[in-house]
Amino acid sequence: MSEPRLVVVSNRVGPLDDEGKAGGLAVGLADALRRRGGLWFGWSGDADEGALTGDIKTEQHGTTELATLDLTPEELDGFYLGYSNRSLWPLLHYRLDLVQFDRSFDATYRAVNKRFAERLAPRLRQDDLVWVHDYHFFTMGAELRQAGYLGRLGFFLHIPFCPPEVFTALPASHDLVRALLAYDLVGFQTETDRLNFVAFCVRELGGEALADDRVRVGDRIVRASAFPIGIDAEGFSRFAVSPEAGEHEEMLRDIAKGRPLVVGVDRLDYTKGIVERLLGFERLLETREEMRGGVNLLQIAPLSRAELETYAELRTEMEATAGRVNGRFASLDWTPIQIMTTGFTRRALAGIYRAARVCLVTPLRDGMNLVAKEYVAAQDPGDPGVLLLSRFAGARAELEEGALLVNPYNPDNLAEALQRALTMPKAERIRRHDAMRRPVFSGTATRWCESFLEALGAVPPDVPEEASAPLFKASDRH
Ligand code: ADQ
C-alpha cells in the first residue's frame, strides 16, 4: 500500500531543494515530501491589499506542490507581528514582561487561521496526513475541522510550551488549548514542554492524563508526545570539510593569530541570551587577567523581526555592550568582541563552527536550538571544540552529557565555564564531543519527521463526530 499524501502547513514554506540554505525543519520535511509526494502550504511572505480575494500561488517541484497565500497589511500587523510575535512568542518563552495583549491581534490571528484553513480544506483528501507547524497556527486544526476535514491532523510546536501558571496570563489561553485539542497528535520538543501542556489540560480544563502520552479533555482524547527535532548531521559534517568551509575556517584562524576563537550564532532575538553572554565574556576578562589579549569572541547575529521595537532595542543593547567591553579591554593589536549581522551559507557556517574552540549556546529559553547540534556535527572528532550550553535550551535533554551546562543569567558561571572550556585538555574534549555526537547523528531531522509521521499515521483516520463540533465558546474566555 502506498503511503498517504503529506500536507504540511507552516508560516513560511520551503526551501525544498536548496541544500545550501535549508535548516533542520526544511531538511526533514523536504525529505518526507519528496518521498511521499505532497503539498506544502503557508504564507507567501508578501503583504498585499488584495490578499483576501487573491489566488493561491502555486509552484510544482517534482512530486511536491508549494502553495502560498498573501496576508493583507492589517493581517501582517495583527497576525504575524502582533499575536504571533508580540503575544505568543514572548509568552511561550516565559517572558511575561515583554508580552503585549491586544484584542484586535487576537481577532486577526483567528481570522487568518480561519481564512487559511478555508482555502486549504478544498484541496485536502480525507486520507491525507496533515501536519501543521508552530505557534502561528494553533487554531488552524479546529478551523480545518469546521471546514469539514475529518482526516488525520497533527501539530508540532517548535518553541517551548510554558507552565500553566505563565500561559494563563493570556486572556484566551483556554480557547487556544481547546483549539489544539482538535489535532489528533500534538508534538513538543521536550518532555518538559509536553508536561506543561498536559498540566494545563488537567488543571485548567479539568482533563485527565491517560496512559501512552494521551490526554482526555471532555470527549476529546489527544496524543501529546515529545519529538526532539534534529539536523542532517551527515550532510552538515560534509559541509564542514567542503572547500567553502575550509576558506572560512582558515580566514578566521588567520585573523585570530593563534588565539582561541569563541563563537555565538543566533538570530538576533531576546530569547537567545546574547547580551547576557557578552556580560559573561566581560566577567571572564575582568576576573582573569591572563585571558586579556588571549581570546576572541565572534558573535554572528542576523537580524530578525526588525520591525518590532523590542528587537531594534536589543540590537542597540547588543552593540552598546560589545562596544563598551571592547573600549574597556581592547589593546592596539586585539579587539575582544566582533559582532556581525550577516547571513552565511550552510557551508560557510560549518567552517566557522569548525574554527571555533568554543561555541556559546546560551539562550534564556529555547525550544531546541539547532546551532548546538550543528556545532557538534561540524567538529573534527580528533580535535573537537567545546559546547557551552544553557540549561534552558531544549537541546540540553540530549546533549548534557557532553556539553558544559551553564546558567545564562549568571555571568560568573559563564566566565567559569568559558575558562574551563578554553583550557580543557584534548582527551576531555574528545570524550565530551563523542557523547554529543551519538544523539546528534542518530536523532536527525529525517528521524524526527519520520517518528512524528509514524505516530500520526497510527491515529485511526475516522474522527468521532464531536470533534467537528465548534471548539470556541465565548464562555471560555477569561
Ligand atoms: P530558531 O529560533 O531560529 O528556531 P535555531 O534552532 O537555533 O533557532 O535555528 C536557527 C537556524 O538558523 C540554524 O540552523 C542556524 O544555522 C541558522 N542561522 C543562524 N544564524 C545564521 C547566519 N548568520 N547565517 C545562516 N544561517 C544562520 C526555532 C526555535 C528553536 C528550534 C527551531 C527548530 O526557536 O528552538 O530549534 O525552531 O525547531
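Everything discussed here concerns the structure shown above.
For clarity, every value in this text was computed on a predicted model and none was experimentally measured. Along every chain, residues carry numbers that run from 1 in the direction the sequence is written. Totals for whole chains, interfaces and linings use all residues, but because this is a predicted model, local features are given only for residues with pLDDT of at least 70 and pairs of side-chain atoms are given and counted only at 80 or more. Water and hydrogen atoms were dropped before computing side-chain values, which therefore reflect all heavy atoms in the structure.

Looking at the site of the ligand
- Every one of the 22 residues lining the ligand counts as a neighbour, but His 158, Phe 344, Asp 366, Met 368 and Glu 374 are closest to it.
- Here a polar contact means two N or O atoms within 3.5 Å. Within protein one must be a hydrogen donor candidate and the other an acceptor candidate, and residues neighboring in sequence count only if both atoms are side-chain atoms. Phe 344 places a polar main-chain atom, nitrogen or oxygen, 2.8 Å from a nitrogen atom of the ligand.
- Measuring from an oxygen atom of the ligand, one finds a backbone N or O atom of Leu 370 at 2.8 Å.
- Note on areas: Shrake-Rupley, 1.4 Å probe, and residue coverage restricted to the protein chains presented here. Expressed as a share of its isolated accessible area of 720 Å², the protein-covered part of the ligand is 85%.
- Numbering goes from the N terminus for both helices and strands, where a helix is a DSSP run of H or I of at least four residues and a strand is a run of E of at least two. If you list the elements that add at least two residues to the shell around the ligand, you get α12 (346–355) and α13 (370–378).
- Under the grouping applied here, Gly and all other residues not named as nonpolar or charged are polar, the nonpolar ones being Ala, Val, Leu, Ile, Met, Phe, Trp, Tyr, Cys and Pro and the charged ones Asp, Glu, Lys and Arg. Class assignment of the residues belonging to the shell around the ligand gives a composition of 11 nonpolar, six polar and five charged. Being near a molecule or strand, for a residue, comes down to having at least one heavy atom within 4 Å of it.

Remarks on the environment of Phe 167
- Tracing the backbone shows Phe 167 in helix α5 (residues 164–167).
- The contacts of Phe 167, once residues within four sequence positions are left out, are Leu 91, Leu 92, Phe 138, Phe 161, Cys 162, Ser 173, Leu 176, Val 177 and Phe 200. Any two residues having at least one pair of non-hydrogen atoms within 4.5 Å are treated as being in contact.

Let's talk about the sheet that holds strand β6 (residues 152–156)
- The pairing criterion is simple: DSSP has to find at least two bridges between the two strands. Strand order in this open sheet of 10 strands is β3-β4-β2-β1-β5-β6-β7-β10-β9-β8, and the pairing throughout is mixed. Strands with a single pairing partner mark the edges of an open sheet, and in this sheet they are β3 (57–61) and β8 (208–209).
- Axis angles are defined between N-to-C directions and span 0 to 180 degrees, where every axis is a line fitted to C-alpha atoms and, for a helix, only to the segment in contact. Most of the contacts of helix α3 (residues 103–120) go to strand β4 (residues 64–71), to which it runs at about 145°, and overall it touches β1 (6–12), β2 (38–47) and β4.
- Together, β7 (185–188), β8, β9 (214–217) and β10 (220–226) form the strand contacts of helix α7 (residues 191–203), whose direction differs from that of β10 by roughly 160°.

Some words on the packing of aromatic side chains
- Centre distance within 6.5 Å is the pairing criterion for rings of Phe, Tyr and Trp, where only the six-membered ring of Trp is used; planes under 30 degrees apart are then read as stacked, over 60 as edge-to-face, and the remainder as tilted. For the structure shown, the criterion picks out 24 aromatic pairs.
- Ring geometry for Trp 43 and Tyr 80: centres 5.3 Å apart, planes at 45°, overall tilted. Within this pair, whereas Trp 43 is found in strand β2, its partner Tyr 80 is found in helix α2 (residues 73–92), the two being separated by 37 residues in sequence. Both residues of the pair, Trp 43 and Tyr 80, belong to the buried class.
- The side chain of Arg 12 reaches across the aromatic face of Trp 43, ending 5.4 Å from its centre.
- Note on geometry: a ring has a charge over it if NZ (lysine) or CZ (arginine) is within 6 Å of the ring centre and within 35 degrees of the ring normal. Directly above the aromatic system of Phe 441 lies the positively charged group of Arg 437, at a separation of 4.2 Å from the ring centroid. Only protein chains enter the calculation, and the probe is 1.4 Å; a residue is then buried if its accessible area is under 20% of its type maximum, exposed if over 50%, and partly exposed in between.

Considering the side chain of Ser 87
- Inspection of the secondary structure assignment puts Ser 87 in helix α2.
- With a relative accessible area of 0%, Ser 87 lands in the buried category.
- With sequence-adjacent residues up to four places away left out, Ser 87 is seen in contact with Gly 82, Val 99, Gln 100, Phe 101 and Phe 105.

Details of empty space enclosed by the protein
- Only protein atoms enter the 1 Å grid used here, on which a cavity is any set of points holding a 1.4 Å probe that cannot leave and a pocket is any open set flanked by protein within 12 Å on both sides along at least five of seven lines; residues with an atom within 4 Å of a point are listed as lining. Grid points are joined across faces, edges and corners, and a volume is the space filled by probe spheres set on the points. Scanning all chains against the criterion turns up one cavity of 30 Å³ or more.
- Here the largest cavity defines a volume of roughly 60 Å³.
- Lining of the largest cavity is provided by Asn 85, Arg 86, Pro 90, Leu 98, Gln 100, Tyr 270, Leu 308, Thr 310 and Tyr 311.
- Sorting the residues of the lining of the largest cavity by element identifies α2 and α11 (309–329) as the ones contributing at least two each.

Topic: the packing of helix α10 (residues 274–287) against α11
- Closest axis-to-axis distance for the α10/α11 pair is 9 Å, and the angle between their directions is 10°. Our classification of the angle between α10 and α11 gives roughly parallel. Side by side, α10 and α11 meet where Ile 274, Val 275, Leu 278, Leu 279, Glu 282, Leu 285 and Glu 286 of the first sit next to Leu 314, Glu 317, Met 318, Thr 321, Ala 322, Arg 324, Val 325, Arg 328 and Phe 329 of the second.
- When the residues that make up the contact of α10 with α11 are grouped by side-chain class, the tally is 10 nonpolar, one polar and five charged. Any angle that is under 35 degrees is reported as roughly parallel, and any over 145 degrees as roughly antiparallel; angles of 65 to 115 degrees are reported as roughly perpendicular and all others as oblique.

From the geometry alone we can't say anything about function, so treat these as descriptive.
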